[in-house]
Amino acid sequence: MINQQLMGKILSRLSAHNSVVGMDADIAIPVGISNRHVHLSQADVEILFGQGYQLTPFKELKQPGQFAAKECVIVVGPKGSISKVRVLGPVRPKSQLEVSKADCFVLGIKAPVRESGDLNTSGSALLIGPAGHVNLEEQVICAQRHIHMNMMDARALNVANGQKVHIRTEGERSLTFDEVVVRVDERFSLEFHIDTDEANAAGLRNNDSVFVVS
């Protein structure tokens, strides 16, 4: 039989190990709620707002170099439309509209849950600006929930780029989000991105804290 002294050492080591493992889960990750928005190519910016037009920064976003522009567009689908949809900058190689599932019902479109840039066989919609309109063909998605982080954050949380993790929320409507994609880049700032549907379901607000769980 294991004597009491040896048992004590084993339990002590297990406790220390569990404390270290638990530290990763205790790192608070701020929430960033993404309302419907559109990323535009420069070509589409000029179609919608005029030749040679440049986006006007309105508010800096938490991710370095990203901003909400003053410009907005109208999004039109087979069943309805949504006005004042914010343009985010800077411009991208290809335009991409990101909406929630609730928005899809209003517009009458089908947009799959995808990571940003994964547009093959995605949804379609019409954008209307003050100078013209743009047909988005397979350029509309519901964004897959994800976490932005840099390498230091990834090491602290013991996760890798592309990995899917579980996220735990707190509060009266606490729940666990599965299939949360980790995105690691030195330019990123630690932030958990979800859309308005998901945030409302969990009772979350911008800058609330969530935690990675195994």
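None of these values were measured; they are calculated from a predicted model.

(A) The arrangement of the nonpolar core in detail. With 25 residues, the main nonpolar core has L40, V73, V87, L97, L127 and V140 as its most contacted residues. Elements that contribute at least two residues to this core include exactly α2 (42–49), β4 (67–76), β5 (81–89), α3 (101–107), β8 (123–128) and β9 (133–143). Discounting chain neighbours no more than four positions away, the residues touching L127 are V38, L40, L48, V73, I74, V75, G132, H133, V134 and L136. Among the nonpolar cores identified, the runner-up in size contains 21 residues, and I167, F177, V182 and V184 belong to it.

(B) Molecular detail of the pattern of salt bridges. What the rule picks out here adds up to six salt bridges. R36 is paired through a salt bridge with D103; the nearest N and O atoms lie 3.0 Å apart. Note that R36 is positioned in the loop between β1 (29–34) and β2 (37–39) and D103 in helix α3, a separation of 67 residues in sequence. Of the residues examined, D103 reaches a relative accessible area of 5% and is grouped as buried. Between R168 and E170 there is a salt bridge; the shortest N-O distance is 3.6 Å. Given a relative accessible area of 44%, E170 falls into the partly exposed group.

Reading the values: the criteria
- Residues numbered from 1 in each chain as written.
- Predicted model: local features only at pLDDT ≥ 70, side-chain atom pairs only at ≥ 80, totals over all residues.
- Heavy atoms only, no water.
- Core = buried A, V, L, I, M, F, W, Y, C linked by side-chain atoms within 4.5 Å.
- Buried < 20%, exposed > 50% of the residue type's maximum accessible area, 1.4 Å probe, protein only.
- Helix = DSSP H or I, 4+ residues; strand = E, 2+ residues; numbered from the N terminus.
- Contact = heavy atoms within 4.5 Å.
- Salt bridge = Lys/Arg side-chain N within 4 Å of Asp/Glu carboxyl O.

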